[in-house]
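So the chains spell out like this:
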Amino acid sequence: MPRGERPLDDGDSPLLVFAADLRRLRTNAGQPSYRELSRRAHFSASTSRLASGGRDSDVIVWDVGTHALWAALRGHSQPITHLAWRPDGTAVVSAGADAMTVWPLDVEKALDVLG
């Protein structure tokens, strides 16, 4: 059985904010171990977004700067086991037992289609 987490100190330093965000992400992902969470999440330095996936078969993209949901990508029928970003941040790739999917994330193109 994993040991319990210690409470975070009060404060608003960048490290404490990061630790609190990481705990929220872990809670939203169903409380996987931190090692498992690192396998299910991938950060894009070029866009400051974090993609996560897991047992619910959805890929969730978070905006790290605003802590807000940026996109929910649905289409897998099995849990997601691997995630990776294109180096330029224009797509995220997800894989599970059912498929490997490339999700284009071109915001300007999406807005043109909706417009």
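Up top is the structure these notes are about.
Heads up: these notes are all about the structure in this document.

### With respect to the overall build of the protein chain
The number of helices and strands found in the protein chain is three helices and seven strands. When the helices and strands of the protein chain are placed in sequence order, the string is α-α-β-β-β-β-β-β-β-α. Each of the 115 residues in the protein chain was classed as buried or not, and the buried ones make up 30%. Contacts in the protein chain between residues at least 24 apart in sequence constitute 28% of all its contacts with a sequence separation of at least 6. Taken as a whole, the protein chain presents about 7900 Å² of accessible surface, with 57% of it coming from carbon and sulfur.

### Concerning the pairing of strand β1 (residues 41-44)
Where β1 meets strand β2 (residues 49-53), four bridges bridge the pair, whose relative direction is antiparallel. Within β2, the position partnered with Ala 41 by the bridge is Ser 52. The antiparallel hairpin formed by β1 and β2 contains four residues in its connecting segment, where Ser 48 sits at a positive phi of about 55 degrees.

### Overview of the pairing of strand β4 (residues 68-74)
The side chains of a regular strand alternate between both faces of the sheet. The pairing of strand β3 (residues 58-63) with β4 spans six bridges and is classified as antiparallel. Within the sheet, the bridge partner assigned to Asp 63 lies in β4 and is Ala 68. From the end of β3 to the start of β4, which pair antiparallel, there are four residues, and His 67 there has a positive phi angle of about 60 degrees.

### A short note on the sheet that holds β1
Sheets are built from strands that pair by backbone hydrogen bonding, the pairs being arranged parallel or antiparallel. Reading across from one edge, β1-β2-β3-β4 is the order of the four strands in this open sheet, with antiparallel pairing throughout. Looking along the sheet, the strands with just one partner apiece sit at the ends: β1 and β4. Neighbour-to-neighbour, the strand axes of this sheet turn through a mean angle of 20 degrees, independent of strand direction.

### What about the packing of aromatic side chains?
Here the structure, examined in full by the defined rule, presents zero aromatic pairs. The ring centre of Trp 70 lies 3.8 Å from the NZ or CZ of Arg 49, which sits over that ring.

### What about the nonpolar core?
Ala 51, Val 59, Val 61, Ala 71, Leu 73, Ile 80, Leu 83, Trp 85, Val 92, Trp 103 and Leu 105 form the largest nonpolar core, which has 11 residues in total. Breaking this core down by element, the ones donating at least two residues are β3, β4 and β5 (80-85). At three residues, the largest contribution of residues to this core is made by β5. When residues no more than four places from it in sequence are discounted, the contact partners of Trp 103 are Val 59, Leu 73, Arg 74, Gly 75, His 76, Thr 90, Ala 91, Val 92 and Ser 94.

### Quick look at the pattern of salt bridges
Applying the stated rule across the entire model yields two salt bridges. Notably, a salt bridge pairs Asp 58 with Arg 74, separated by 3.3 Å at the nearest N-O pair. Placement of Asp 58 in strand β3 and of Arg 74 in strand β4 is noted, with a sequence separation of 16 residues between them.

### Describing the side chain of Arg 49
You can see Arg 49 is positioned in strand β2. One buried charged residue, Arg 49, remains without a salt bridge, the closest side chain of opposite sign being Asp 63 at 4.3 Å. Setting aside chain neighbours within four positions, we find Arg 49 in contact with His 42, Phe 43, Ser 44, Val 61, Trp 62, Asp 63, Val 64, Trp 70 and Trp 85.

### Here we look at the environment of Arg 26
Examined against the element boundaries, Arg 26 turns out to sit in helix α1 (residues 14-28). What makes Arg 26 buried here is its relative accessible area of 14%. Sequence separation between Arg 26 and Glu 36 is 10 residues; the distance between their C-alpha atoms is 9.8 Å.

How each quantity is defined
Residues numbered from 1 in each chain as written. Predicted model: local features only at pLDDT ≥ 70, side-chain atom pairs only at ≥ 80, totals over all residues. Heavy atoms only, no water. Helix = DSSP H or I, 4+ residues; strand = E, 2+ residues; numbered from the N terminus. Buried < 20%, exposed > 50% of the residue type's maximum accessible area, 1.4 Å probe, protein only. Contact = heavy atoms within 4.5 Å. Areas by Shrake-Rupley, 256 points an atom, 1.4 Å probe, with all protein chains shown as cover. Pairing = 2+ DSSP bridges. Axes fitted to C-alpha atoms, helices over the stretch in contact; angles between N-to-C directions. Phe/Tyr/Trp six-rings, centres within 6.5 Å; stacked < 30°, edge-to-face > 60°. Lys NZ or Arg CZ within 6 Å of the ring centre and 35° of its normal. Core = buried A, V, L, I, M, F, W, Y, C linked by side-chain atoms within 4.5 Å. Salt bridge = Lys/Arg side-chain N within 4 Å of Asp/Glu carboxyl O. Lys, Arg positive; Asp, Glu negative; His and termini not counted.

Everything listed here is a matter of geometry and, on its own, says nothing about what the molecule does.
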